[in-house]
Amino acid sequence: MTFGPTWSTLRENVDALQSTATLITPLSRKAFGVEDVQEHRVLIQYRDDDETIPLQKAQFETLYERVSDSHGEFNLDRLPPDAEPYATVLSLHPRFEVDDRAGTLTESDQSTGSPLVEAQSDSGDPDETERKEPDLDVYADALLLIDALERHDIASLEAVETPALVNIYTLLSDVQRNANDLRKSVRSVLLDRLHHDQPVSGQFGSVQRTTRRNRSLKDDELVLNAFEAAGIERERLTTVDSSKVDEALDVTELSESDVYDIEPSEYVRKADVDEQEKETRLQGLKDQLEATEGEEADDLREEIEELEERIAELTEFRSGRSFHESSSGG
């Protein structure tokens, strides 16, 4: 089957997208939009970039042939650098489907549509989303911590009074614990979406799936027998078990210092948290934010917007454009 009819149908489907629709690359999860559909190319633009990128018909045809040569299932890891948008756009054709979790582009008569298109309402800015307060412990503790940090000169900790340091230490501990719990939950979801050797970038950084080797010894007798069969005497592998040493100490007159090198170290441990006081202070902060209006609120919003722009400039990531043809002619 020639590519002509496929290209014609694909162009029609792409052209039918809402002007504010956001498409997502399957591996790196980068957002982009379609700027124009022309006879021999589709023009796209990444949401975090101003450059218009032409996706050429000839390259779509090459990808189409690769899927066919792969018996209808093409592994997305085989895509050249920056070619992911081609897979996303091709999945808008009714016979092609991207499985971003399996990392494949397949051709099938039972395609369920592309999961990589996020429709946006024409009435609003696609970059503006409604903000709401999350029901998360780390969010509440972070607000309290920010408030505490703004009230004291943390650059000179020695000058901060003890009760204030206790508050800051308690909140830091709570934020660390709750942030780590949330981090683990986010990690579990990301693991289903990441593929090996494919970094995924966001505004503030990037992540990559990797594998760590965790080792634990098998049954002692199995290990000792294996080494003994290899010519290593058992006595060379036996070590002192601290748990058995403690048991032996309980039934002898030896002191702990006779068998242990003891070096005391001191640290601060969080002993208690006044949850009621935290909740009272947190509600006060929320009421204070809600009551903020007029010129003061406008100034605060401007400061936040300026900060967000600075962060975006510092963390912006641009990659090469190596898949589309060097010629931009239609």
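Here, every reference points to the structure presented above.
Quantities reported herein were computed from a predicted structural model and do not represent experimental measurements.

Conventions and cut-offs
- Residues numbered from 1 in each chain as written.
- Predicted model: local features only at pLDDT ≥ 70, side-chain atom pairs only at ≥ 80, totals over all residues.
- Heavy atoms only, no water.
- Polar contact = N/O pair within 3.5 Å; in protein donor to acceptor, adjacent residues only side chain to side chain.
- Helix = DSSP H or I, 4+ residues; strand = E, 2+ residues; numbered from the N terminus.
- Pairing = 2+ DSSP bridges.
- Axes fitted to C-alpha atoms, helices over the stretch in contact; angles between N-to-C directions.
- Salt bridge = Lys/Arg side-chain N within 4 Å of Asp/Glu carboxyl O.
- Buried < 20%, exposed > 50% of the residue type's maximum accessible area, 1.4 Å probe, protein only.

A. Fine view of helix α6 (residues 220-229). Two or three places before Glu-221, at the start of α6, stands the capping residue Asp-219, its side-chain oxygen 3.1 Å from that residue's backbone nitrogen. Positive phi shows up at Gly-231, right after α6, with a value of about 95 degrees.

B. Representation of the sheet that holds strand β6 (residues 96-99) within the structure. Pairing in this open sheet of 3 strands is antiparallel, and the strands run β5-β7-β6 from one edge to the other. Edge positions in the open sheet fall to β5 (73-75) and β6, since each of these has one partner strand only. Each strand of the sheet is rotated relative to its neighbour by a mean of 20 degrees, with strand direction disregarded. Pairing analysis gives 3 bridges linking β5 to strand β7 (residues 104-107), with the strands arranged antiparallel. Directly across from Glu-73, in β7, lies its bridge partner Thr-106.

C. Just the pattern of salt bridges, in detail. In this structure the tally under the stated criterion is 3 salt bridges. Residue Arg-95 pairs with Glu-107 through a salt bridge whose shortest N-O separation is 2.2 Å. Note that Arg-95 is positioned in the loop between α3 (84-90) and β6 and Glu-107 in strand β7, a separation of 12 residues in sequence. What makes Arg-95 buried here is its relative accessible area of 18%. The closest approach of N and O atoms between Arg-151 and Asp-147, which form a salt bridge, is 3.1 Å. Among the residues examined, Asp-147 registers a relative accessible area of 11% and is labelled buried.

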